[in-house]
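# Descriptive analysis of the structure
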Amino acid sequence: MSTFAAMVRPSLARIGAPGDGYATDRDPYWGSGFFIAPGWLLTCAHVVGRGGAAVCRGESAMSVTWQERSAADGWADRTGTGTAVLVAPRPDAGEASRDRWPFPDLALVRVTGADDVRCLWLGDREAGPRTPVGLYGWSVQTGELGIRHGDGELAGSDAQALLLAGSLPVGGLSGGPVLDLRHGSVIGVIKGRRPEEGVAVPVTALYELLDSPHGGRIVREVLRAHDLHHLRRLDESTGAAAPASFTPAASAYPDWASFQAELPGHAPEFTGITAELRTRLHGHLAQLPPPTGAGDVVHLVEDVKEQVRGERLRSLVLRNVRTWREGAGLLYGLRTLEPGGGGTLVDLDAVLLYAAKVTRKIASERAGEAEPGRLGAVADWIAGQAAGHPNWAVGEAIRALLEGDAGGQAGSPPMTPTTPVTPTRPAMLPTPPMPTTSGASLLTTVPAPAPVVPAPLPAPATSRTDVLVKVGAAMYDGRYPWSVQLIYDGQDVTPVAADDRGVRAEELVRALRDPLTRALSQGDHGEHLAAIEVFLPRKLFDLPVDEWQLLPEQPGGTERRADHADCPDRADHAAHETYADYDDDDDDFVDERAIPLGMRRTVVVRDVRRNALPPSPEWRRRWNGVQGGPLAAGTLHGRPPGAGHHGGVRPGTRLPFYRALTALGDACVPVYCGPVGSGEGLAAMKDALMAGHPVVLWRRDRHDPEDCGVFHRQAAELLAAARQAGGLHGPLRDLRIRLADPESARADGLRGKIAVLFDPPDRPPYGAEAMRPPPFAAPGG
């Protein structure tokens, strides 16, 4: 047996029914699995499913057997009782034994008596094609139950699956690990085989389960235990003092960090990032409060890239990362941007700076959630790494972060000595020092300052990322093409998803739900909630995007009632029975996705055709007017506010409302008491766009004509409270929240489903920006 296989062997397990054990001549077994944290086994859901629905629900146990070294270099079996804690997807009643099991096809099993077991190292990035891999598991392919090991390579991917070439999986290997032989990390879980290729589930699918309301807590617990386990093993092997929270445990095996250090994928003299440094980094990050969403991680990663490379990438790279360790993985192999595609490796600089930024973020925003003393311990370790770093600028930037020195946050000179750094964003206000229990600074060990320190550059402003939804003009079959994008700092665009074939208007809410969820998870970071700008054809201006919810479909494919009316042709459907209908079986769980979008974040309509053209002088002039304020209310149809609206326009009339709309002042906002997707409202909105109006308010639901006077007074109060265009969003959200409760709305005299056109002419054309993903030296572990 190879050294590699011998290292993997004590982590492998075979799974079967509890009882008399695994007498190989008579007892079948279900499949394989492997330990990723003390007492936690990862396998395939279909392996657990062989035990039936009760096993999948955790109501019946399974037998888990693994091996440990015995005398004379032999191996002895150990057996524990396993309970399925998370099965994804969980089968419906009676379906546990089905032949085809959909992705992600993963299960986490809690095993009693396995608290001192050896665990494999999980990769935090996807591996690329042609990666050499090892396949491990238990098998009876030869007629005798035993460990099977084969070498192969990744041949590619197919939807959610990794494709394997070379040595292919056989029966019984399902649930076993696929290891990257260069880095010693698990990159997949064996799922099965096709006639000419093997199939595996990427281990990164485990991170996706962090989004599950109930499974997310379990996965986070397991990942934390995984990183702390490897840090503890490393401390034991090196003799380092373990933190007080660790429980010492002797091991008969060398730690994975020491083993990985000898593999070809870990070349510290080339990358600067040793297996030991990575293990300690992940162990420290695991003890900090987790990120609140993907946006927290990706924005720190992009800020670090900008600082160490001296140039901001033109757009975010869409990464749905959910843990601090995944963020660090995106920086392994990072190079500077230099002509010709080369560049100097700066991944060590980036990783240390990233760790310091994470620590600062936690200390300044969520210090009360951290374990006592933990922030100081993490800061001490980072400072120690920075103190010995050959690039003094890295140490100065990290020191400034840990000490809460806003003036040095962007530091100092560039992290790369060959690339000049110039400020790309305006300076932000000074940030207060991070709170600690022992003083104003988290840093207890401060590296000696360099003798000469150039004047620091201005600190970068806090970046913001918002979401753009674009719905194109209807095609010949009545379908609307759509796209979802992220816009970074109001300039650079990253695509998220698109459908050029399109869907019908009533299907837009379902089609856009998942892309919107992914985009918002990237855009939300810190205290910033991403705004949603919806570019629509004028006929869809009444689309109730502000009432959409992000919760997925209910079991059986039914939609919440909010979705029944999400077509402008059904704008009067039961008054959009939206806000009162978020039934939640778990009263202890709060899911913000159940809140209509417009009650939680800024949601505005923009005109898709006008934004495809250069801004007109009238558009620019009126935008400057509403920006300066104070805002005043006019009418979209040119008649007195209480006159209501008409069903249509006289035939043959051209620009019937243009004269009245051009006469309004530049800070005047047209208001309309009715929908604008057809009839008079459609014609008046067209004239308002022609006259250059960037802000319009209207009521998009059907109503009694006598309500119009109340609605116009309500709109005038809203504009007076906002004063300027930039102040409109807060009062608008507040009004939508007040309108959500019918009783309080009636008591306050509030009326209508209010929509807003908020269409500034001050941004570059969307979708034409060059994409430039960051170059990497090699896939990381």
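Residues numbered from 1 in each chain as written. Predicted model: local features only at pLDDT ≥ 70, side-chain atom pairs only at ≥ 80, totals over all residues. Heavy atoms only, no water.

The chain is annotated in an unreviewed UniProt entry as Trypsin-like peptidase domain-containing protein from Streptomyces camelliae.

When you go through the chain residue by residue, the secondary structure sums to 21 helices and 21 strands. Out of the 781 residues in the chain, the part that is buried amounts to 55%. For the chain, the proportion of contacts with a sequence separation of at least 24, taken over those separated by at least 6, is 72%. Here the chain displays about 32,400 Å² of accessible surface, and carbon together with sulfur accounts for 51% of that area. (Helix = DSSP H or I, 4+ residues; strand = E, 2+ residues; numbered from the N terminus. Buried < 20%, exposed > 50% of the residue type's maximum accessible area, 1.4 Å probe, protein only. Contact = heavy atoms within 4.5 Å. Areas by Shrake-Rupley, 256 points an atom, 1.4 Å probe, with all protein chains shown as cover.)

A word on the side chain of glutamine 522. Position of glutamine 522 among the secondary structure elements: in helix α14 (residues 508-523). In this structure glutamine 522 comes out as buried when scored by relative accessible area, which is 2%.

This part covers the state of the cysteines. Working definition: the covalent bond between the sulfur atoms of two cysteines is a disulfide. Overall, the coordinates contain 1 disulfide when judged by the stated rule. The disulfide that involves cysteine 673 links it to cysteine 708, with 2.5 Å between the sulfurs. Between cysteine 673 and cysteine 708, the S-S torsion sits near -85 degrees, and that sign places the bridge as left-handed. Pair noted here: cysteine 673 is in the loop between β19 (668-672) and α18 (679-690) and cysteine 708 is in helix α19 (residues 708-722), with a separation of 35 residues, a long-range link. (Disulfide = S-S within 2.5 Å.)

Pairing in this closed barrel of 6 strands is antiparallel, and the strands run β1-β2-β3-β6-β5-β4 around the ring. Pairwise comparison of adjacent strand axes, ignoring direction, gives a mean angle of 40 degrees for this sheet. Against the sheet, helix α5 (residues 215-238) contacts β2 (31-37), β3 (40-43), β5 (75-88) and β6 (106-111), and its axis sits at roughly 70 degrees relative to β2. (Pairing = 2+ DSSP bridges. Axes fitted to C-alpha atoms, helices over the stretch in contact; angles between N-to-C directions.)

What follows concerns the packing of α19 against helix α20 (residues 729-740). Each pair of packed helices gets described by two things: the angle between the helix axes and the distance between those axes. Interaxial distance between α19 and α20 falls to 9 Å at its minimum, and their mutual angle equals 140 degrees. Between α19 and α20, the contacting residues are Gln714, Leu718, Ala721 and Ala722 on the first element and Pro731, Leu732, Leu735 and Leu739 on the second. Across the contact of α19 with α20, the residue classes break down as 7 nonpolar, 1 polar and no charged. (Nonpolar A, V, L, I, M, F, W, Y, C, P; charged D, E, K, R; others polar.)

Our next topic: the environment of arginine 57. Summarising the element assignment, arginine 57 is placed in the loop between α3 (53-56) and β4 (62-69). Taking the C-alpha atoms as reference, arginine 57 lies 9.0 Å from proline 91; in sequence the two are 34 residues apart.

Looking now at the packing of aromatic side chains. Working definition: an aromatic ring pair is given by the centre-to-centre distance plus the angle between the planes. Considering all chains together, one arrives at 4 aromatic pairs under this definition. Ring centres of phenylalanine 35 and tryptophan 66 lie 5.3 Å apart, and the angle between their planes is 75 degrees; this geometry places the pair in the edge-to-face category. Placement of phenylalanine 35 in strand β2 and of tryptophan 66 in strand β4 is noted, with a sequence separation of 31 residues between them. For the residue pair phenylalanine 35 and tryptophan 66, the accessibility class agrees, reading buried in each case. (Phe/Tyr/Trp six-rings, centres within 6.5 Å; stacked < 30°, edge-to-face > 60°.)

Strand order in the closed barrel formed by 6 strands is β7-β8-β9-β12-β11-β10, and the pairing between neighbours is antiparallel. Averaged over all adjacent pairs, the angle separating strand axes in this sheet is 45 degrees, with direction ignored. Bridge count between strand β7 (residues 132-139) and strand β10 (residues 177-180): 3 bridges; the pairing is antiparallel. By the bridge assignment for β10, glycine 134 is matched with leucine 179.

Since the α-helix advances by 3.6 residues per turn, residues separated by three or four positions end up pointing in the same direction. The end-to-end C-alpha separation of α19 is 21 Å, in line with the 21 Å expected for 15 residues at 1.5 Å each. Among the residues of α19, those classed as buried are Cys708, Gly709, Phe711, His712, Gln714, Ala715, Leu718, Leu719 and Ala722. Buried residues in α19 make contact with β18 (632-635), β19, β20 (695-699), α20 and β21 (754-758). Looking one or two places after α19, you find arginine 723, whose phi comes out positive at around 70 degrees. (Expected span 1.5 Å × (residues − 1).)

Regular strands show a simple pattern: their side chains alternate between the two faces of the sheet. Of all 5 residues that make up strand β1 (residues 12-16), 5 are buried, and the element is covered over most of its length. Going residue by residue along β1, you find Leu12, Arg14 and Gly16 tucked away on one face and Ala13 and Ile15 tucked away on the opposite face as well. Summarising the sheet, β1 and β2 pair through 4 bridges and their orientation is antiparallel. What sits directly across from arginine 14, in β2, is serine 32. Sheet topology places β1 next to β4; 4 bridges connect them, and they run antiparallel. By the bridge assignment for β4, arginine 14 is matched with threonine 65.

Any two side chains of opposite charge can pair, given that their charged atoms come close. Following the criterion strictly, the structure yields 34 salt bridges and no others. For arginine 14, the salt bridge is made with aspartate 77, and the minimal N-O distance between the two is 2.9 Å. Of this pair, arginine 14 sits in strand β1 while aspartate 77 sits in strand β5, and the two are 63 residues apart along the sequence. The class of arginine 14 is buried, set by a relative accessible area of 5%. Using a relative accessible area of 43% as the deciding quantity, one classes aspartate 77 as partly exposed. Salt-bridge contacts for aspartate 116 lead to arginine 78; the nearest nitrogen and oxygen are separated by 3.2 Å. Of this pair, aspartate 116 sits in the loop between β6 and β7 while arginine 78 sits in strand β5; the two residues are 38 residues apart in sequence, bridging distant segments of the chain. Salt bridges here are not isolated pairs; linked through shared partners, they connect Asp546, Glu547, Arg700, Arg736 and Lys753. (Salt bridge = Lys/Arg side-chain N within 4 Å of Asp/Glu carboxyl O.)

Now for the nonpolar core. Within the largest apolar cluster, 61 residues are counted, with the highest numbers of intra-cluster contacts made by Phe4, Phe35, Leu42, Val48, Met62, Leu108 and Leu206. With 5 residues, β6 is the largest single contributor of residues to this core. With sequence-adjacent residues up to four places away left out, leucine 206 is seen in contact with Ile36, Leu42, Leu106, Leu108, Leu122, Val219 and Leu223. Listed in part, the 46 residues of the second largest apolar core include Tyr480, Val496, Ala497 and Val696. (Core = buried A, V, L, I, M, F, W, Y, C linked by side-chain atoms within 4.5 Å.)

It is worth spelling out unusual backbone geometry at this point. Backbone phi values are negative for most residues with the exception of glycine, while trans is the configuration of most peptide bonds. Geometrically, the link from alanine 88 to proline 89 is a cis peptide bond, its omega value of -5 degrees lying close to zero. Positionally, proline 89 belongs in the loop between β5 and β6. Following glycine 629, the chain continues to proline 630 via a peptide bond in cis, the omega torsion being -5 degrees. Of note, arginine 723 is a non-glycine position whose phi angle comes to about 70 degrees, a positive value. The exposure class of arginine 723 is exposed, given its relative accessible area of 51%.

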